[in-house]
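# Fold and contact review
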Amino acid sequence: MELETDKKPLRQSSQQLRAVVISVISFVMIVGLLHKGLDSPIIPANLPIISPKYAYYQAHKDEYTALFFGSSRIYHQVDPLTFDAVAAKAGINVRSFNFGISGLKPLQNYVLMRDVLKDPPARLKWVFIEDAIDRGSAPIDEVRSARAIYWHSWENTKFAIAFVLSHPYTPLLKKIEYTLGHLIPFVYHQMNLGSAIAQYQPNLHISAEDRAIAAQFLSRAGYRPIDFKMPKEQYFLENVAAYQQEVEQLAERKRQEDYQDALTQHTLSYLNKIVTTVEATDAQPVFVVAPTTVYQETIHRAFYQGKIEHLLTFNDPNLFPELFEPVSRKDWDHLNPQGAEAFTRLLAEALVAQEEAQFIVAETTPMPARRNNRQKTSSKRVGKSNARER
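Below you will find a few notes about this structure. Computed from a predicted model, the values in this text were never measured in an experiment.

### Details of the packing of aromatic side chains
Evaluated as defined, the whole model comprises 23 aromatic pairs. Ring centres of Tyr64 and Phe97 lie 5.3 Å apart, and the angle between their planes is 40°; this geometry places the pair in the tilted category. Of this pair, Tyr64 sits in the loop between helix H2 (50–60) and strand S1 (66–69) while Phe97 sits in strand S2 (residues 96–98), placing them 33 residues apart in sequence. Residue Tyr64 shares its accessibility class with Phe97, and that shared class is buried. The interplanar angle of 80° and the centroid separation of 5.3 Å between the aromatic rings of Phe314 and Phe343 together place this pair among those described as edge-to-face. Note that Phe314 is positioned in the loop between strand S5 (311–313) and helix H15 (337–364) and Phe343 in helix H15, a separation of 29 residues in sequence. Residue placement shows Lys53 over the ring face of Phe217; its charged tip is 5.3 Å from the ring centre.

Here it is as structure tokens:
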């Protein structure tokens, strides 16, 4: 009898545990089904920077012939109004919009570009993509952010994890870390019922400060100059000598590079995905390397080995010293408004040179050979014009 009494608490604990497990599983299943049943938007309305840009783009979409995608090096450094004016002076009619987003990782940049291009402008001609090929990193401290959660649908998460696991040079522990960085926001995405409310009341989720910032960058076609204090600005000002030494090291490395090392299939597949997405809109993908001290070898190898057709590169202090002068910088990674103005003008001039090179090829090459020769000849000409050998 005493033995039977002792069993009762165990039986009750087991039943309680079973009830908790069933409740949790039921909750997850119901939330998942509700999430599936909701009419989820491509890009929700409650994301700072991204949502205002997308809404504005949708309202003015067919006015644009060029779109820029990338991180803060695009968002804060490419002024569409200046870009369009410089191109117009050379006889090229461009209306561009800056879709750059601060802190955007390469995989999310691709997803954003793909989602935006699902409904492309009617006259879209160029899509500029900042080169930033990494290993699919997903910072753990950002996994619960609205931006991380929104894009981690099942399809996107599957793509991101496959990208991480298939990289041939990422250590196993890093692969596990990056995989968790994609799985956690996926779980939140599946349970994120608040996204439906955000579609109808987005101002509840975007602060007054973010709305003011949006008004500023939308008045300049998506561009926001860095006329405000940056987190690393003071460190840069206190370490200018170290910065200049790093620039000298980059210049020396650029003088010695030959870009002959083979590209991995992993990189080629990723670049092909970007190119295919853009070309499906009948636009031209143009990769851009912003003026940064980070050595960006992979995209240069892809260009010089003929794997991508168009690359405009500005991270060589030997060719563009003015973009690396401390007077043009806000910090190690970013240009100040003066530097951004200079960079934008050079970028527009490089596009003009590229278009002139393609026109010459189109006019002088017989039709059957035009496609193959265009890549070789225009790449050579673009490389020269971008290197100031015009």
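### Focus on the packing of helix H5 (residues 106–116) against helix H7 (residues 154–166)
Running from N to C, H5 and H7 point in directions that differ by 145°, and their axes come no closer than 11 Å. Between H5 and H7 lies a crossing whose hand is right-handed. Taking contact as the criterion, the partners of Leu107, Tyr110, Val111 and Arg114 in H5 are, on H7, Asn156, Phe159, Ala160 and Phe163. Counted by class, the contact of H5 with H7 contains six nonpolar, one polar and one charged residues.

### A closer look at the sheet that holds S5
Strand order in the open sheet formed by five strands is S2-S1-S3-S4-S5, with parallel pairing between adjacent strands. Each edge of the open sheet carries a strand with a single partner, namely S2 and S5. Neighbour-to-neighbour, the strand axes of the sheet open up by a mean angle of 20°, direction not taken into account. One ladder, built from three bridges, connects strand S4 (residues 284–289) with S5; its direction is parallel. Among the inter-strand pairings, Val288 is bridged to a residue of S5, identified as Leu312. Contacts between helix H13 (residues 265–279) and the sheet are confined to strand S3 (126–130) and S4, with S4 contributing the most and set at about 135° to the helix.

### Quick look at the packing of H7 against helix H8 (residues 172–190)
The interhelical angle for the contact between H7 and H8, taken along N-to-C directions, is 175°, at an axis separation of 9 Å. By the criterion of interaxial angle, the relationship of H7 to H8 is roughly antiparallel. Contacts between H7 and H8 pair Trp154, Thr157, Ala160, Ile161, Val164 and Leu165 from the former with Lys175, Tyr178, Thr179, His182, Leu183 and Phe186 from the latter.

Cut-offs and rules
- Residues numbered from 1 in each chain as written.
- Predicted model: local features only at pLDDT ≥ 70, side-chain atom pairs only at ≥ 80, totals over all residues.
- Heavy atoms only, no water.
- Phe/Tyr/Trp six-rings, centres within 6.5 Å; stacked < 30°, edge-to-face > 60°.
- Helix = DSSP H or I, 4+ residues; strand = E, 2+ residues; numbered from the N terminus.
- Buried < 20%, exposed > 50% of the residue type's maximum accessible area, 1.4 Å probe, protein only.
- Lys NZ or Arg CZ within 6 Å of the ring centre and 35° of its normal.
- Axes fitted to C-alpha atoms, helices over the stretch in contact; angles between N-to-C directions.
- Left-handed = near helix turned anticlockwise from the far one by under 90°.
- Contact = heavy atoms within 4.5 Å.
- Nonpolar A, V, L, I, M, F, W, Y, C, P; charged D, E, K, R; others polar.
- Pairing = 2+ DSSP bridges.
- Parallel < 35°, antiparallel > 145°, perpendicular 65-115°, else oblique.

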